[in-house]
Amino acid sequence: MAHRLWSAGMQTLVQMVYPPRCLACGGLVESDFGLCGPCWRDTPFVSGLACDLCGVPLPGQSDHAEHCDDCLHIARPWVQGRAALVYRDRGRRMVLGLKHGDRHDIARPASKWMARVSRGLMRDNILAVPVPLHVNRHLRRRYNQAALLTQALAVELGCDWCPDALHRVRATQPLEGKGREERFVALQGRIQVPDWRLPLIRGRPVLIVDDVMTSGATLAAASEACLAAGATEVCVSVLARAAKDA
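*Asks:* Could you give me a rundown of the state of the cysteines, with the residues and numbers involved?
*Replies:* Taken as a whole and assessed by the stated rule, the structure comprises zero disulfides. Looking at Cys-22, it has no disulfide partner, and the nearest cysteine sulfur is the one in Cys-39, 3.7 Å off. Left unpaired, Cys-54 is separated from the closest cysteine sulfur, that of Cys-68, by 3.7 Å. The exposure class assigned to Cys-54 is buried, which follows from its relative accessible area of 1%.

Below is the structure:
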């Protein structure tokens with residue numbers, strides 16, 4: 001009891017000295033790790049009907065699993081996928097802040113948004129794993145934004161996670177500006193499960209986590225690696241999904 005009272009008092013003191021601020025605009029908000037009213041309204045959250053494989057918003061309503069045009073024409077090695085945001089405007093700025101701007105503070109609230117849409121992906125004994133960075137890029141950036149999201153999302157969903165279950169065996173050139181086919185060719189065979197992690201993957205479902213999905217080439221390479229290592233099935237959860245028409 002004394003410890004809980006001390007912790008509550010410290011949290012109150014911290015909030016008095018450092019009042020919680022909006023992640024997007026820096027304005028004062030009522031609670032930590034949140035958005036102010038105007039920023040919440042302007043953030044492109046995915047709600048309503050969405051593609052069951054990639055999470056992109058779809059028009060209309062349906063009582064059945066629906067798929068977008070891309071997922072109808074591209075074979076996805078995962079069975080279900082979800083996205084919390086559309087990768088545009090304020091959603092894009094937050095993803096880039098987390099990815100390139102050392103905005104580690106975005107990971108925790110982002111995981112709550114991801115958990116909201118991803119709870120239906122949960123299976124017994126599922127393991128959450130991040131899309132890996134090549135070691136050279138990891139050293140330059142000093143952190144893997146997908147690992148930050150995975151750790152926080154695993155806490156929200158109450159599942160196991162492993163930061164190094166996947167390994168990028170060779171570096172790839174930046175994919176920005178490349179077409180869909182170029183992306184898939186560039187990622188082919190670049191991601192593997194290291195030998196010492198095979199027992200962790202084999203015989204269980206896997207949830208692959210990343211910051212953004214564009215073509216799905218990186219998630220496909222990661223999914224194929226998990227399936228080759230003996231995963232029973234793969235689902236994916238991303239913070240944001242690039243969309244042609246949002």
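*Asks:* Explain the packing of aromatic side chains to me, and be specific about the residues and the numbers.
*Replies:* By the definition in use, this model includes three aromatic pairs. Seen in terms of ring centroids, Trp-40 and Phe-45 are 4.5 Å apart; in terms of plane orientation they differ by 35°. Their pairing is tilted. We classify Trp-40 as partly exposed; its relative accessible area is 44%. Ring centres 6.5 Å apart and planes at 80° place the aromatic pair Trp-40 and Trp-113 in the edge-to-face group. Of this pair, Trp-40 sits in helix H2 (residues 37-42) while Trp-113 sits in helix H5 (residues 107-118); the two residues are 73 residues apart in sequence, bridging distant segments of the chain. What links up through ring pairs into an aromatic cluster is the set Trp-40, Phe-45 and Trp-113.

*Asks:* Describe the side chain of Ser-215, naming the residues involved and giving the relevant values.
*Replies:* Inspection of the secondary structure puts Ser-215 in the loop between strand S6 (206-213) and helix H10 (217-228). Of the polar contacts made by the side chain of Ser-215, one reaches the backbone nitrogen of Ala-217; its length is 3.2 Å.

*Asks:* So what about the environment of Arg-204? Which residues, and what values?
*Replies:* Within the secondary structure, Arg-204 is located in the loop between helix H9 (198-201) and S6. The class of Arg-204 is buried, set by a relative accessible area of 8%. For Arg-204, the contacting residues outside a window of four places in its chain are Asn-125, Ile-126, Leu-127, Asp-160, Gly-230, Ala-231, Thr-232 and Glu-233. Among the polar contacts listed, one links the side chain of Arg-204 to the backbone oxygen of Asn-125, at a separation of 2.9 Å.

*Asks:* Kindly report on the side chain of Arg-241, identifying the contributing residues and their values.
*Replies:* In this structure, Arg-241 sits in strand S7 (residues 234-241). Taking relative accessible area as the criterion, Arg-241 reaches 3% and is therefore assigned buried. Of the polar contacts made by the side chain of Arg-241, one reaches the backbone oxygen of Thr-214; its length is 2.8 Å. Aside from chain neighbours lying at most four places away, what touches Arg-241 is Cys-54, Val-56, Asp-70, Arg-76, Ala-83, Leu-85, Val-86, Tyr-87, Met-213 and Thr-214.

Definitions and limits used
- Residues numbered from 1 in each chain as written.
- Predicted model: local features only at pLDDT ≥ 70, side-chain atom pairs only at ≥ 80, totals over all residues.
- Heavy atoms only, no water.
- Disulfide = S-S within 2.5 Å.
- Buried < 20%, exposed > 50% of the residue type's maximum accessible area, 1.4 Å probe, protein only.
- Phe/Tyr/Trp six-rings, centres within 6.5 Å; stacked < 30°, edge-to-face > 60°.
- Helix = DSSP H or I, 4+ residues; strand = E, 2+ residues; numbered from the N terminus.
- Polar contact = N/O pair within 3.5 Å; in protein donor to acceptor, adjacent residues only side chain to side chain.
- Contact = heavy atoms within 4.5 Å.

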